[in-house]
Structures are given as C-alpha cells and as structure tokens.
Amino acid sequence: MIKDQWYAVLDSKQLKLKKPIGVTRLGEKLVLWRSEDGKVNCIFDKCCHRGAALSLGKIIHDKIECPFHGFQYDSTGKVTFIPANGNNVVPERFKVNYFRVEEKYDIIWLWYGEDKEVLPQIPFFKELNEGFSYGGFSEVWPVHYTRAIENQLDVVHLPFVHSNSIGKGNKTLVNGPVVKWKDNLMTFYVNNTVDDGKSKPLKPEEIKNYEKLFSLQFQMPNTWQNIISKDVRIFAIFAPIDDNNTQIYIRFYQRFMKVPVLKDFINNMSSILNKYILHQDRRVVLTQIPNKSQLKMDEKLIQGDLPIIEYRKKREELKKI
Ligand code: FES
Ligand SMILES: [Fe+2]
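Just so it is clear, the model here is predicted, and its values are computed rather than measured.

Remarks on the packing of helix H1 (residues 145-152) against helix H4 (residues 306-320)
Okay, step 1: Two elements in contact, H1 and H4, have axes separated by 9 Å at closest approach and are oriented at 140°. The angle between H1 and H4 places the two elements in the oblique class. Considering only the axes of H1 and H4, their crossing is right-handed. Between H1, through Tyr145, Thr146, Arg147, Ile149 and Glu150, and H4, the contact on the second element is made entirely by Ile308, Tyr311, Arg312 and Arg315.

Concerning the packing of aromatic side chains
Remark: the centre distance and the inter-plane angle together describe each pair of aromatic rings, the angle taken between the planes.
Okay, step 1: Evaluation of the coordinates by the stated rule reveals 15 aromatic pairs.
Okay, step 2: Each ring, one from Trp109 and one from Phe124, has its centre 6.1 Å from the other, and the planes form 85°; the classification is edge-to-face. Of this pair, Trp109 sits in strand E10 (residues 107-112) while Phe124 sits in the loop between E10 and strand E11 (133-141), placing them 15 residues apart in sequence. Of the two residues, Trp109 and Phe124, both sit in the buried class.
Okay, step 3: The ring of Phe137 has Lys275 lying over it, and the distance from NZ or CZ to the ring centre is 5.0 Å.

Overview of the sheet that holds strand E9 (residues 101-104)
Okay, step 1: Strand order in this open sheet of three strands is E1-E10-E9, and the pairing throughout is antiparallel. This sheet does not close on itself; its edge strands, each paired only once, are strand E1 (5-11) and E9. For this sheet, the mean angle separating the axes of adjacent strands, direction not counted, is 30°.
Okay, step 2: Where E1 lies against E10, six bridges are found, and the strand directions are antiparallel. Following the sheet pairing, Asp11 is matched in E10 by Ile107.

Quick notes on the rules
Residues numbered from 1 in each chain as written. Chains lettered and ligands numbered in written order. Predicted model: local features only at pLDDT ≥ 70, side-chain atom pairs only at ≥ 80, totals over all residues. Heavy atoms only, no water. Axes fitted to C-alpha atoms, helices over the stretch in contact; angles between N-to-C directions. Helix = DSSP H or I, 4+ residues; strand = E, 2+ residues; numbered from the N terminus. Parallel < 35°, antiparallel > 145°, perpendicular 65-115°, else oblique. Left-handed = near helix turned anticlockwise from the far one by under 90°. Contact = heavy atoms within 4.5 Å. Phe/Tyr/Trp six-rings, centres within 6.5 Å; stacked < 30°, edge-to-face > 60°. Buried < 20%, exposed > 50% of the residue type's maximum accessible area, 1.4 Å probe, protein only. Lys NZ or Arg CZ within 6 Å of the ring centre and 35° of its normal. Pairing = 2+ DSSP bridges.

Below is the structure:
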C-alpha cells in the first residue's frame, strides 16, 4: 500500500444517515458512520472490550455504540462511555484506531498514512464537478487492485478483449503510447492503427500532436477516467479491499443532456454497456498470475505497455517516500 495518500474507498450513497456500515478497505476492517450533521467518521470495526463488530451498533448523536455492552466511541476511536461503569472516567487505553475521512464529489476518501493537521488536497478530476451528472454501478473483483488498475492502463488489449465493442476495427498496431505525468496524474494518449503488415509501431517520441489523440488519465493512487469527449467521461475507482479483492466503482459522467428524466435515463442506461465491457475485461484479468503486479516481476513487457510500466515505477517511487 502506498502511504500518505487519499484513497477513494466508498460511494457516498452507500453510507446512509443513522446506519453504520462495516467494510474492509486497504486490508483493514472498518466501520463508517455519519454523525447527526452528516459528517463521516471511520474507526476500526472491532470493539476494544471483547471484539464485537461496532458496525452492528447504533449511532448516538456523533458517537457509535457497540452492540454487545454499549461502549460508546467517538470519531477518534476513543471510548467515551462505558455504561456498566456508570459515570467513572474512561481510562485512556480504551480506544481503537481511526482514519481521517472526507466526503467530496459523492465519494468517501480515506487518508492512509500519518495523521497531520493539514492534509493535502483530495486528488480528483475537478472538471467532473463542472456541470456533469452521472450514473454508475459497483462490483467486486477477486484480484489485487494493481491488476484491476493496470487493465485500465492497457492499450494493447483492446482489439482482442473488446473486439466487438470498444476494440472494434482490428487496430492491433500500438503506436506509442505517449505518457505524460503531472505530479501524480498520468495522462496517456492512444494511437492504435490497423497493421498493414509493413509498418513498425511509432515510438512515443515520433508521435507529433499527441494532444489531439484520444486520451485517458490515471490519478494515483486509485482513480481513473476515460476522456471520451469534452462532455462525456467514464470514471472509475479501484478501492482496495485486501490483497485479493478490489471494489470497482464505475460512473458514466455526461453534461450534454440536462433534462432531468432523460438525463437519469441516459446515465443509467450507460451502465449496461459499461458493465458489458467491464466483464469482457474481468474474464481475462481474473486469470492473471500472479495476482499482484510489481515493478520487478517475471513479465516480458512491450513498448505498448508503457502506461503500465510507468504506473509500476510511480508506485515504487511513492512507496519509498
Ligand atoms: S464487546 Fe463491545 S462493549 Fe463489549
Ligand atoms: Fe478493457
């Protein structure tokens, strides 16, 4: 896991008022709940008394109460009340770990790393906040999140995995691709063409005017977008559950249709197509060995894998900081 990052971990809609939710993210068992004012809290989902899941408990104002013996926890994981002990002061050692969380763009973000007073800004494709609406869906893949992410950075697979959908046209020759970084944001430009049997793929530096090409972006550590056009995007979150599972959230964002009912219809219909495409990917990605990718591993990569290589390098670099 890369430390000191904001991870997108949950869709806001999953977390209702008055109903805590227990989820595993980044290998940790967590409980999230909303205080009465809607603010999101996140602590370990294991009571320090006798190990019950706090996510089965009740919300009392801004605290969560264990379902077993009623210990109450605040947002920093401290026990503030032990009913059986009456108004005795609760000793300091009665606590569990907590995570800083924030809610933005209908997503709950978790800070994984050292808790500092001032944390960096939440990384997001900010333009998606400018007049877009969206529809989407979510599913779990039994793979390490690096594999799920790399699948979305893979420009070589299109004519094979998606030959009847987004990879139509037999464009098997992979020119470039061109990869550009801005801090932790990768933009990669796709220039696949039909192989005439005589050509070699262009090297990335041979591609002129790459900015005009079709492009996709990946924001470390776990969000991605496909820039279909100025007004249409496909956005994805790869929320690590544990070493063997990833919760994927896909959203279709658009701003060409603003009429309320039609807008919802289009946004929701898009999920059918996106799910179909995603399942074409899933069929193959689930078979990859090993389950987790890293920079140094026994894979023979090619020029077209450049976004994947760049991602692996960036992961390595950020893990060292
Ligand atoms: S196990 Fe939680 S209060 Fe006892
Ligand atoms: Fe794909």
